[in-house]
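Next come the chains, spelled out residue by residue.
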Amino acid sequence: MTTKRDAILAEAVPLARAEVDKVAEPGTVGEYLGMDMLGGRLAMHWFECLSPGYRGWRWGASVARVSRSRTATVCETNLLPGPDAILAPDWVPYADRIAPGDLGAGDVLPYRLDDPNLEAGFEATGDEDVDQMAIWELGLGRHRVLSAQGRGTAATRWYEGDPGPTCEIAQQASAPCSTCGYFVPMAGALRTVFGVCANEWSPSDGRVVSLDHGCGAHSEVDVRRPRPASVQDPVLDELAVDIEVHETTEGGASQGDPSTGEGDAERDAPGRHPDEATTHESPDEPPTD
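Right, let's walk through the structure included here. (Residues numbered from 1 in each chain as written. Predicted model: local features only at pLDDT ≥ 70, side-chain atom pairs only at ≥ 80, totals over all residues. Heavy atoms only, no water.)

### Remarks on the packing of aromatic side chains
What counts here: Ring geometry is summarised as follows: Phe, Tyr and Trp rings, the Trp one being its six-membered ring, pair when their centres sit within 6.5 Å, and such pairs are stacked at plane angles under 30 degrees, edge-to-face over 60 and tilted between the two. Strands here mean DSSP runs of E at least two residues long; helices mean DSSP runs of H or I at least four residues long; both are numbered from the N terminus. Sitting over a ring, as applied to charges here, requires NZ of Lys or CZ of Arg to be within 6 Å of the ring centre and within 35 degrees of the ring normal.
Applying the stated criterion to the full structure yields four aromatic pairs. With a centroid separation of 5.3 Å and an interplanar angle of 55°, the aromatic rings of Tyr 32 and Phe 47 are classed as tilted. Of this pair, Tyr 32 sits in strand S1 (residues 29-39) while Phe 47 is found in strand S2 (residues 42-49), placing the two residues 15 residues apart along the sequence. With centroids separated by 6.5 Å and ring planes inclined at 80°, the aromatic side chains of Tyr 159 and Phe 194 adopt a geometry described as edge-to-face. Of this pair, Tyr 159 sits in helix H5 (residues 148-160) while Phe 194 sits in strand S8 (residues 194-197), and the two are 35 residues apart along the sequence. The rings of Trp 158, Tyr 159 and Phe 194 are connected pair by pair, giving a single aromatic cluster. Above the plane of the ring of Trp 46 lies Arg 58, whose end atom (NZ or CZ) is 3.9 Å from the centre.

Encoded structure:
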């Protein structure tokens with residue numbers, strides 16, 4: 001239902017501005033933005049707020065008049081956010097504000113009495129079979145244990161995250177974790193889907209993994225070994241000839257290599273004095289005096 005515009009209240013703009021100027025900082029009251037009827041003989045005049053810290057906020061002064069009166073009266077003044085005002089986010093309790101990964105050393109989470117992920121634990125009944133099942137499945141002796149909602153939430157989070165089969169390392173694995181010798185099954189209701197990795201070479205060591213998760217550190221998978229390249233038998237080339245060039249002296253005799261001492265072989269023969277002649281005498285010729 002739309003309230004009829006009151007002409008007397010509409011004319012009370014100067015009165016409303018004067019009251020706003022009394023409470024606002026000097027120079028922070030801007031242009032007039034209009035009037036809203038709040039009820040019968042009750043209206044609100046709006047003025048722009050020029051304060052740097054309140055962009056989009058508006059100064060407001062509510063005015064009213066009694067029945068049959070021709071005079072408006074200011075009821076109160078306010079600084080209120082407009083449609084485009086910058087506002088602080090809604091306050092969130094500390095227990096709901098903490099995100100996964102925020103908890104550090106020395107931090108303590110507040111106790112939540114009505115945690116939907118937990119339910120009351122079970123006490124011993126005296127029946128051995130019932131108590132053993134409670135110990136195995138529900139955790140006998142603890143004040144609270146996981147509820148069905150808590151188990152479902154955890155299983156969904158794990159299976160759709162890195163411990164599940166959809167991550168990149170699992171997509172490229174050759175075999176699932178369920179066939180790995182390092183896979184340790186979990187106890188309780190989650191044992192049908194999850195276990196713990198105990199392989200120090202795996203990136204999931206010490207973490208929960210699904211049965212169809214996988215990585216390159218599987219105990220029964222080996223690397224692809226390339227086949228050795230075949231090598232032919234060696235071929236002996238007997239037709240190749242190595243040519244050695246030797247320098248000759250003026251008489252036509254080959255000069256030995258000074259580096260090897262071949263030219264000094266005869267001169268340095270055992271039993272021959274260095275001063276002896278190197279010419280050979282024929283054995284058929286008689287000795288001469």
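### Some thoughts on the pairing of S2
Put simply, the rule is: Burial classes follow relative accessibility: with a 1.4 Å probe on protein chains only, a residue under 20% of its type's maximum area counts as buried, one over 50% as exposed, and anything between as partly exposed. A pair of strands is treated as paired once DSSP finds two or more bridges between them.
For S2, a buried count of six out of eight residues is recorded, marking the element as mostly surrounded by other parts of the structure. Once S1 ends, the chain turns through two residues before running back antiparallel as S2, passing Arg 41 with a positive phi of about 60°. Note that S2 and strand S3 (residues 57-64) share seven bridges and pair antiparallel. Bridge assignment links Leu 42 to a residue of S3, and that residue is Ala 64.

### A short note on the sheet that holds strand S9 (residues 208-210)
For the record, the criterion: Angles run from 0 to 180 degrees between N-to-C directions of axes, and those axes are lines fitted to C-alpha atoms, restricted for helices to the stretch in contact.
Ordered by their spatial adjacency, three strands build an open sheet running S7-S8-S9, and the pairing between neighbours is antiparallel. Of all strands in the sheet, those with a lone pairing partner are strand S7 (183-185) and S9, marking the two edges. Averaged over all pairs of adjacent strands, the angle between strand axes in this sheet comes to 45°, irrespective of strand direction. Sheet topology note: the S7/S8 ladder contains three bridges and is antiparallel. In the sheet register, Phe 183 faces S8, and the bridge partner there is Cys 197.

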